[in-house]
Amino acid sequence: MKQEFDPKAFEKKWQDYWQENGTYSTNFESSKPKKYILDMFPYPSGAGLHVGHPRGYIGTDVYSRFQRMKGFEVLHPMGFDAFGLPAEEYALKMKTTPQLSVSQNIQRYKQQLEIMGVDYDWSNMVSTTDEQFYKWTQWIFLECYKKGLAYESNEPINWCPSCKTGLANEDLNSDGTCERCGTLVEKKPLRQWVLKITDYADKLLTGLDTLPLWPDFVKESQRNWIGKSEGSEFVFKLVDANGNGLEESLTVFTTRADTLFGVTYVVVAPEHALVTNSAIVNKHEVLGYQESAFKKNEIERSNQTLEKTGVKVDGVFAVHPATGEHIPVYVADYVIGSYGTGAVMGVPAHDERDFAFAKKYNIPVKKVVFIENGDRRENEEFRNGGCGVIFDPATQKYAVAKWNDDGRVLLFAGGVDDGEDVHDGVLREVKEESGLYDIKHFEWVDTAYAHYFNKAKNVNRVARAECYLAILNSADAQEVHREPHENFELVWMSAQEILNHWIEKNDSGLHHYIHFFKQAVARAIELGHDAVSSSKVFAANAFCDDGIVELESGVNGITSEEARIKITEQFGKKVVNYKIRDWTFSRQRYWGEPIPLVFDANHKAYPLHMSELPVTLPNVEFYEPTGTGESPLANISEWMNVEGYVAEDGSVKTIKEGESAPTGVAVQKFTRESNTMPGWAGSSWYYIRYIDMNNDNEFISKEREQKWLPVDMYVGGVEHATRHLIYARFWHKVLFDLGFVHTEEPFTVLKNQGLIMASDGRKMSKRWANVVNPDDVIAMFGADAFRMFELFIAPFDQTTPWQDDGVVGTRRFLERVHKLMIADHKEGEESAEVLKALHKSIKKLTDGIENFAFNTCVSDLMITLKVLEKQEDGVTVEAKKIFAQLLAPMAPHATEEWWRMLGEETSIHNSAWPQYDEKYLVDDEMTIAVQINGKVRATVVIAADADEAAVRELVYAQEAVQKYTTGVEIKKEMYIPGKIYTIVI
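Residues numbered from 1 in each chain as written. Predicted model: local features only at pLDDT ≥ 70, side-chain atom pairs only at ≥ 80, totals over all residues. Heavy atoms only, no water.

**Considering the overall build of the protein**
Point 1. When helices and strands are tallied, the protein shows 28 helices and 40 strands.
Point 2. The globule rule puts the C-alpha radius of gyration for 985 residues at 30 Å, and the 38 Å found for the protein is more than 25% above it.
Point 3. In terms of principal-axis extent, the alpha carbons of the protein reach across some 120 × 110 × 50 Å.
Point 4. Scored against the burial criterion, the 985 residues of the protein give a buried share of 54%.
Point 5. For the protein, the computed accessible surface area is about 43800 Å², with 47% contributed by carbon and sulfur atoms.
Point 6. Distance between charge centroids for the protein: 2 Å, based on 107 positive and 146 negative side chains. (Helix = DSSP H or I, 4+ residues; strand = E, 2+ residues; numbered from the N terminus. Rg over C-alpha atoms; globule rule 2.2 N^0.38 Å. Buried < 20%, exposed > 50% of the residue type's maximum accessible area, 1.4 Å probe, protein only. Areas by Shrake-Rupley, 256 points an atom, 1.4 Å probe, with all protein chains shown as cover. Lys, Arg positive; Asp, Glu negative; His and termini not counted. Charge placed at Lys NZ, Arg CZ, Asp CG, Glu CD.)

**Brief notes about the nonpolar core**
Point 1. Residues Tyr36, Trp583, Tyr687, Trp802, Phe883, Leu887 and Met890 are the most contacted members of the largest nonpolar core, which totals 169 residues.
Point 2. Looking at which element gives the most residues to this core, the answer is helix 5 (residues 131-146), with nine residues.
Point 3. Residues Phe261, Ala279, Ile280 and Phe488 belong to the second largest nonpolar core, which totals 92 residues. (Core = buried A, V, L, I, M, F, W, Y, C linked by side-chain atoms within 4.5 Å.)

**Things to note about the sheet that holds strand 40 (residues 980-984)**
Point 1. The strand order across the open sheet formed by four strands is 38-37-40-39, and the pairing between neighbours is mixed. At either end of the open sheet lies a strand with only one pairing partner, and these are strand 38 (935-943) and strand 39 (972-976). Neighbour-to-neighbour, the strand axes of this sheet turn through a mean angle of 20 degrees, independent of strand direction.
Point 2. In this sheet, strand 40 lies alongside strand 37 (residues 925-932) in parallel orientation, the contact comprising four bridges. Across the sheet, residue Ala929 finds its bridge partner in strand 40, namely Ile980. (Pairing = 2+ DSSP bridges. Axes fitted to C-alpha atoms, helices over the stretch in contact; angles between N-to-C directions.)

**Quick word on helix 2 (residues 54-69)**
Point 1. For helix 2, built from 16 residues, the straight-helix expectation of 22 Å at 1.5 Å per residue is met to within 8% by its first-to-last C-alpha distance of 22 Å.
Point 2. Burial runs high along helix 2: 16 of the 16 residues are buried.
Point 3. Just beyond helix 2, the residue with positive phi is Gly71, at close to 105 degrees. (Expected span 1.5 Å × (residues − 1).)

**Examining the environment of Val368**
Point 1. Relative to the helices and strands, Val368 resides in the loop between helix 10 (352-360) and strand 16 (369-373).
Point 2. The spatial distance from the C-alpha of Val368 to the C-alpha of Thr628 is 50 Å, given a sequence separation of 260 residues.
Point 3. For Val368, the contacting residues outside a window of four places in its chain are Asp258, Thr259, Phe261, Gly262, His350, Ile548, Val549 and Glu550. (Contact = heavy atoms within 4.5 Å.)

**Observations regarding the side chain of His76**
Point 1. Here His76 lies in the loop between strand 2 (73-75) and strand 3 (79-80).
Point 2. At a separation of 2.6 Å, a polar atom in the side chain of His76 contacts the side chain of Asp119.
Point 3. For His76, the residues in contact, after removing those within four places along its chain, are Thr26, Ile37, Asp39, Thr60, Asp61, Ser64, Asp119, Tyr120 and Asp121. (Polar contact = N/O pair within 3.5 Å; in protein donor to acceptor, adjacent residues only side chain to side chain.)

**A few points about the packing of aromatic side chains**
What characterises a pair of aromatic rings is the spacing of the ring centres plus the angle enclosed by the ring planes.
Point 1. Per the stated rule, a full pass over the model turns up 56 aromatic pairs.
Point 2. Ring centres 5.9 Å apart and planes at 80 degrees place the aromatic pair Tyr265 and Tyr330 in the edge-to-face group. Here the residue Tyr265 occupies a position in strand 12 (residues 265-268), and Tyr330 occupies one in strand 14 (residues 326-332), the gap between them amounting to 65 residues. You'll find Tyr265 and Tyr330 in the same group, each marked buried.
Point 3. A connected cluster of aromatic rings, assembled from ring pairs, spans Phe141, Tyr145, Trp193, Tyr200, Trp583, Phe585, Trp680, Tyr727, Phe730 and Trp731.
Point 4. One residue, Lys188, lies across the ring of Trp159, its end atom 4.2 Å from the ring centre.
Point 5. Between the NZ or CZ atom of Arg672 and the centre of the ring of Trp639, over which it lies, the distance is 5.3 Å. (Phe/Tyr/Trp six-rings, centres within 6.5 Å; stacked < 30°, edge-to-face > 60°. Lys NZ or Arg CZ within 6 Å of the ring centre and 35° of its normal.)

**As for the pairing of strand 30 (residues 641-646)**
Point 1. When strand 30 meets strand 32 (residues 668-672), the two strands line up antiparallel, connected through four bridges. Across the sheet, Gly644 pairs through a bridge with Gln668, a residue of strand 32.
Point 2. As paired elements, strand 30 and strand 31 (residues 652-654) share three bridges and run antiparallel to each other. Its bridge partner lying in strand 31, Tyr645 is registered against Lys653.
Point 3. The turn joining strand 30 and strand 31, which pair antiparallel and follow one another in sequence, is formed by five residues; a positive phi near 90 degrees is taken by Gly650.

**Quick notes on the side chain of Arg55**
Point 1. Relative to the assigned elements, Arg55 resides in helix 2.
Point 2. Of the side chains bearing the opposite charge, Glu790 lies closest to the buried Arg55, which forms no salt bridge; the N-O distance is 5.5 Å.
Point 3. In terms of polar contacts, Arg55 uses its side chain to reach the backbone carbonyl oxygen of Ala794, at 3.3 Å.
Point 4. Looking at Arg55, its side chain comes within polar contact range of the main-chain oxygen of Gln798, at 2.6 Å.
Point 5. Other than its neighbours up to four places away in sequence, Arg55 contacts Gly754, Leu755, Ile756, Glu790, Ile793, Ala794, Pro795, Phe796, Gln798 and Thr800. (Salt bridge = Lys/Arg side-chain N within 4 Å of Asp/Glu carboxyl O.)

**Observations regarding the sheet that holds strand 8 (residues 186-189)**
Point 1. In space, the three strands of this open sheet follow the order 7-6-8, with antiparallel pairing throughout. Each of the sheet's edge strands pairs with one partner strand only, and the pair in question is strand 7 (165-167) and strand 8. On average, each strand axis in the sheet is inclined to that of its neighbour by 60 degrees, with strand direction left out of account.
Point 2. When strand 6 (residues 156-160) meets strand 7, the two strands line up antiparallel, connected through three bridges. Note that in strand 7 the partner of Asn158 across the bridge is Leu167.

None of this, on its own, says anything about what the molecule does.
If you want it as structure tokens, here you go:
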């Protein structure tokens, strides 16, 4: 072997050897336990891979090599997700066909991966664009269709004017732009095929609880996307201006049934069918508003910070299901047609969005849920009462009661006598306690329920307190005669001073006072009396929390939770709703799997017979998108129009040239579906096809499916948390329900690799001219050095910048290993130091690779190498072999070379992973710290089994310890075995 380390001399040699000898080929019939390891397969763009892409691929490569050496039959395949918009747009840009450009890009990616030395079994490679692959993608779609999970829709969908195609919600960025091109997405009515993923919403949600080895944030992202909410449904009947009932009614979903009695209007989305009802008087205005709303995207319409817009539907009213009251109906774009029922009940007192809308359109605000303050107590006495927020417009100050004993500032308040009207009783109490009788305006503001202990009466109380705003005509106060316990005096303060005082007190008993006061000041500002208080601090708002609900005004209420149950049972029904929307499965583009359906003259849809699959794309010269909502395929009449007949199972068989229909069977003309499937179709099930690539009769045999599913380890980017992973789980659960797979979940363990950014901290992109090509790095340093740096650069799941000179370090490490391997072997037994280092390394790498802690594995090998290098008489050949085996998953080429040099004749990657011996993991010696008066003054090397007396003797033999302890009284000593010896002087 050459003295210098020269990767170019052996890396290609071993890559060819592995391929020719099938080193990484999977024996599907093997009796070994299986280990299915999978990467999220790449989308082959024309740019090829940059150094950030292979991080996950190298990680699974190390893991799969490790599992193979541990005795598992490993399946570690690779394929390409090659249908969809990017491939089509790239082909258009290059003035070629997608078929040709995709083939070229796949070869480019495959070549790049091969020079990295990854252990893919290329005989099992898939491409979603292969006809024999997408034959089964089409078959799965037909199974969904037959199960009732695919339906045709004409509702407005997300339309990207740049990509000229419809998009699912999952294909949008958070700002409502197209995930692919960044263009603002519009709503456009379009004929499309949709998959009912909502039917599986609950299964997708509960299934997450069976995946303990998935990252928590991925599962939480999916829970949020599915968005399960339990609530109530109420039906609002509709009447015209004369009170005559309409055929239509509005069904609304709410999680706040306790606010039903606070409904003062109903809102429907611009997409709602009611918009076209003939009873609408101002139809021209309503339709005009609908047209303007359709120009906005859902994100924009849902933005809480934007001003709400809408239009009243004249001539149509909703009948309140509890009160029978006729309430107005509005069309507003803040309601989304695809969410829930497309109709919501407007409760302005208890929803900020509804509150803003009601204020803008002068709709009444009716409060029915009131704040509850304090904890409930036993044997509470119910009490009616209230308080007043007294304002003097002349001084712009508020009157409060300041208690002399502790300086507390409170509102003037009191209880109501039996039989006394609350309004009159509170007004009386406010006048009597404050001495301010010249009140020109006294208005109810809010109500609260407070739980407290009344010291004067020695009783637990729950007080129903009404707050009133009192506007003074004159601030002249009369003499008052208060009871002995009413030890307070009248003071005047600004609104901000009062609020600051209560906030500084931080007293939970003041919460309802703060709430009352803010509402009252806001009302004073609104009425034009208070001109100096900040409208931002005291802005009127809705009370959106749970509280106490009054089903009858003035009567002791019940909790929101109790009210939700009671109101739902009486006026509605309990339902479960989900945020997830059905999956828009149509694309108005050429480059995608044809949807295997045909239509008769009446546009009745039929599935194609299994013998018709695959339905292949026609070879065309022009495939630019039309932008009209139709696929370019719609213009290819010879492909679109077919003759055939309906078979006994209801599917359609086409009649090919030279064929004829069976005797007595009617031949019909059919039109193919022109839309194609989205790019997500093939990627939702590709992991199954790897297991049985050459099966033409079924998408997977029962035997292989039973043995090889589920995937044991799945690795890919976090960007797929709510799209690919939800879609794949959905299709897998459908296949499970149909009996085609035996597991409910497809992937047991999920790992996400972190991004490798450019050295400038930005994502690598041609736009920034900061892309680093792995081919260039490998050409300079070798594949093994490149691989090891990708593993060493940072923890696997963390984002990190690329370091241009970082590969130098791993290349030098391999050069040092090479020097060790070619050095003379030690004869005889290995030293105890080397054995300890190797066996510790075996344990650390066994645990580290299992947990994808690759950076610590590389670090440990570097430490172990130092131990081996410092042996003056070298190390044995067996020690070298063990070190080579530990390094093999990370540096497969060099270790294969060294393995043969060390006398082995078969691949190192088929050798058995080394086993560690526990006896070598125990240290003979250890270093402990000596602490004197809290500071470490020395360290001592002791025998691992030394007792306390022996340790004490060694400690006091140290000069540094003697310096502080000689001639000094030792007050205390303590030894924590194996860690620290403490002395207090």
